[in-house]
Amino acid sequence: MDSFTLDIRTLNFIIILFSCIYSAGFLLYQRSQKKISGLGLFALSLLFIGIGPLVLSFRGTTSNWLSIIIANAIIMLGFQLVLHSLCLFRKSSLKYTYFTYACYPLSISLFYYYSHIVPSIKARVIVISVFVAISTIITAIATLNGKQKDLKIAVWMMSSSLFLYGTFMVFRATWSALSEEIHNFMYAGLLHQLTFLFSILLVVAMSFSMLWMINARLVRSIREVSRRDPLTQLYNRHALERVLPRILVESHKAMSLSIIMTDIDNFKSINDKHGHLVGDKALIRVAKVINTVTRPCHFVFRFGGDEILIILPNSHLEEANILAESLRKSIFTCGLVDNIELPLTSSFGVASLRDGESWESLVSRADQALYHAKELGRNTVVTSPQHMEPRKIHQVAPCDKAIS
Ligand SMILES: Nc1nc2c(ncn2[C@@H]2O[C@H](COP(=O)(O)OP(=O)(O)OP(=O)(O)O)[C@@H](O)[C@H]2O)c(=O)[nH]1
């Protein structure tokens, strides 16, 4: 095992360099971009993981108190903060940090004991290896169990690099416990030299995974923005074009798909009478009501102007009618908009996909039904018949209030 040797001083220098560079990078990133929970603490943890070995390298030229106890306390604090920061970043419970925070003073006391009362390099190696093993394995679990939606492959990379490092530390502690006392750490053997090499790998892997997760979050938020209507926050036509092929394939398998087309009644006169800002608020209010009444399996799109399309996958006509009627009532009773009592109502056209019917034909039937609802006095739900009777239109709900 000792025929191959690595230079600990060089490896130590690389740890210091990488940790400090990544730390500074993350701190600058955090300052210049929108704050990301846990990122500042993660940067700090890397700084500690870098400063610890720096202080350690003064061994022999400064007091043991500084070069042994303080240096190792800084390294252990660095690993503790990696755990804390990743709990914040991944929205994991902070309970994961309790055990290692409790072990921290005990580990420092043991360091004091094995450097000043019963000096033993071997015992100190075991103490730090056990502490780091526990904290990195807990960090790997906390990272995996976080509630935050992140790119899975990057989460796995972060978690598995921490887990592998922790496992190596368990091996190092066990090996050291079974070996003889170490007289000079610099020549203690390959296992201890590998610790420095693996620490460099851990710093690089953690930093890369962190950047990967942040980048994936940005891409997701940009994609989300591009698919939402900025005023109502409903999905836009671009989103409809993206999800429609999938919805149609699934609905052909399930043999059922219904849609509801709705349009605010006399919206132009709301705009003309109260101004476009009030009109915007009315539109937002209607969108909110629709979002509250519909279920997560329904898709709601701003189709254009004041027209909103609701897609109900795997739903028959009756189900769509019941939903449309409940939406109609909820909009009719939704109250004041901007402290102004508006006659806020909507009309609805409902249609269900017929055998072999195209999407365009379905939308056109829902549009026709909506048109008839307007003709019938508005604030009404009209259903397009399911069977081929193009001229026959059913009115399913009476008008609560006709608006001229
Ligand atoms: N405030 C506001 N108005 C909008 C927006 N988009 C479209 N509009 C207005 O919405 C109105 C749509 O009117 P229509 O649907 O044609 O007619 P209506 O007055 O609602 O009448 P009916 O639909 O027949 O009940 C137009 O005046 C558009 O200028 C928007 O984002 N904000």
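Starting from 1, residues in each chain are numbered consecutively following that chain's sequence as written. Only residues with pLDDT of at least 70 get local features here, since the model is predicted, and only at 80 or more are side-chain atom pairs given and counted; chain-wide, interface and lining totals rely on the full set of residues. Where side-chain values are given, they derive from all heavy atoms of the structure, hydrogens and water being excluded.

The protein chain has the name diguanylate cyclase in an unreviewed UniProt entry, where Photobacterium pectinilyticum is given as its organism. Taken directly from UniProt, the Catalytic activity (unreviewed entry) text for the protein chain runs: "2 GTP = 3',3'-c-di-GMP + 2 diphosphate". UniProt positions are given in the numbering used here, feature names are shortened, and annotations may be inferred rather than shown by experiment.

Draft legend 1. Layout of the nonpolar core. Counting 38 residues, the largest nonpolar core has Phe 26, Phe 42, Met 158, Leu 162, Met 206, Met 210 and Ile 214 as its most contacted members. Each helix corresponds to a stretch of at least 4 residues labelled H or I by DSSP, and each strand to a stretch of at least 2 residues labelled E; elements are numbered beginning at the N terminus. Elements represented by at least two residues in this core include exactly helix 1 (8-32), helix 2 (39-56), helix 3 (64-89), helix 4 (95-117), helix 5 (121-144), helix 6 (152-178) and helix 7 (190-227). Examining the composition of this core, we find that nine residues originate from one element, helix 3, more than from any other. In this structure Met 206 touches Phe 42, Leu 46, Val 82, Met 158 and Leu 162, once residues within four positions along its chain are discounted. Take the buried Ala, Val, Leu, Ile, Met, Phe, Trp, Tyr and Cys residues and link them wherever side-chain atoms come within 4.5 Å; each set so joined is a nonpolar core. Remark: exposure states derive from per-residue accessible area (1.4 Å probe, protein chains only) relative to the maximum for the residue type, with buried under 20%, exposed over 50%, and partly exposed in between. In terms of nonpolar packing, the next biggest core, distinct from the first, is built from 29 residues, Phe 267, Ile 270, Val 337 and Val 350 among them. Should any heavy atoms of two residues lie within 4.5 Å, those residues are counted as being in contact.

Draft legend 2. Broad picture of helix 1. One less than the number of residues in a helix, times 1.5 Å, gives the span that helix is expected to have. The terminal C-alpha atoms of helix 1 lie 36 Å apart, and with 25 residues this matches the ideal 36 Å at 1.5 Å per residue to within 8%. Within the span of helix 1, buried status applies to Ile 8, Leu 11, Asn 12, Ile 15, Ile 16, Ser 19, Ser 23, Phe 26, Tyr 29 and Gln 30. Of the surrounding elements, those touching the buried residues of helix 1 are helix 2 and helix 7.

Draft legend 3. Highlighting the pattern of salt bridges. Note on definitions: salt bridges are taken to be side-chain nitrogens of Lys or Arg within 4 Å of carboxyl oxygens of Asp or Glu. Applying the stated criterion across every chain yields a total of eleven salt bridges. Two residues, Lys 329 and Glu 325, come together in a salt bridge whose shortest N-O distance is 3.8 Å. Residue Lys 329 and its partner Glu 325 are both found in helix 11 (residues 317-332); the two are separated by four residues, about one turn of the helix. By relative accessible area, which is 46% here, Lys 329 ends up partly exposed. Members of the salt-bridge network, linked through shared partners, are Arg 90, Asp 150 and Arg 217.

Draft legend 4. Up close: the environment of Asn 72. In this fold, Asn 72 is placed in helix 3. Taking C-alpha positions, Asn 72 is 55 Å from Asn 236, a pair spaced 164 residues apart along the chain. If near-sequence neighbours (up to four positions away) are discounted, Asn 72 is found in contact with Leu 56, Phe 111 and Ile 128. A polar contact is formed between the side chain of Asn 72 and the backbone oxygen of Ile 68, at a distance of 2.8 Å. Pairs of N or O atoms within 3.5 Å make up the polar contacts considered here, provided that, within protein, one atom can donate a hydrogen while the other can accept it, and that residues adjacent in sequence are counted only when both atoms are side-chain atoms.

Draft legend 5. Spotlight on the UniProt feature "transmembrane region" (unreviewed entry) in the protein chain. Look at the UniProt record and you will see "transmembrane region" (unreviewed entry) annotated at residues 12-29, 41-59, 65-89, 96-115, 121-141, 153-175 and 195-214. Annotation note: span residues 153-175, helix share 100%, strand share 0%, distance between end C-alpha atoms 32 Å. Annotated as residues 195-214, this span is 100% helix and 0% strand, and its ends, taken at the C-alpha atoms, are 28 Å apart.

Draft legend 6. Layout of unusual backbone geometry. Its identity as a non-glycine residue notwithstanding, Lys 91 has a phi of 55 degrees, on the positive side. With respect to the element layout, Lys 91 can be found in the loop between helix 3 and helix 4. With a phi angle near 75 degrees, Arg 378 is a residue other than glycine that sits in the positive phi range. Mapped onto the fold, Arg 378 is located in the loop between helix 12 (359-375) and strand 5 (381-383). The exposure class of Arg 378 is partly exposed, given its relative accessible area of 22%.

Draft legend 7. Representation of the packing of helix 9 (residues 267-274) against helix 10 (residues 276-293) within the structure. Axes here refer to lines fitted to C-alpha atoms; in helices the fit is confined to the stretch in contact. Angles between the N-to-C directions go from 0 to 180 degrees. Two elements in contact, helix 9 and helix 10, have axes separated by 7 Å at closest approach and are oriented at 140 degrees. In this view, helix 9 runs oblique relative to helix 10, as classed from their interaxial angle. Residue-level inspection shows Phe 267, Ile 270, Asn 271 and His 274 of helix 9 in contact with helix 10, the latter providing His 276, Val 278, Gly 279, Ala 282 and Leu 283. Lys, Arg, Asp and Glu make up the charged group, whereas Ala, Val, Leu, Ile, Met, Phe, Trp, Tyr, Cys and Pro make up the nonpolar group; the residues left over, Gly among them, are polar. Within the contact of helix 9 with helix 10, the residues separate by chemical class into five nonpolar, four polar and no charged. Every angle not falling under 35 degrees, over 145, or within 65 to 115 is termed oblique; those three ranges are roughly parallel, roughly antiparallel and roughly perpendicular.

Draft legend 8. Fine view of the domain arrangement of the protein chain. Domain delimitation follows an automatic or database domain assignment. With domains assigned, the protein chain is organised as domain 1 (8-227) and domain 2 (237-395). Its C-alpha centre places domain 1 at a distance of 55 Å from the equivalent point of domain 2.

Draft legend 9. Region of the structure containing the confidence of the model for the protein chain. pLDDT is a per-residue confidence score from the predictor, ranging from 0 to 100. Looking at the protein chain as a whole, the pLDDT averages 90, with 94% of positions reaching at least 70. Predicted confidence is poor over residues 390-404, with pLDDT under 50, and the contacts of this stretch with residues over four places away or in other chains come to 42 contacts. Across the interface, the model reports ipTM at 0.95; the global pTM reads 0.75.

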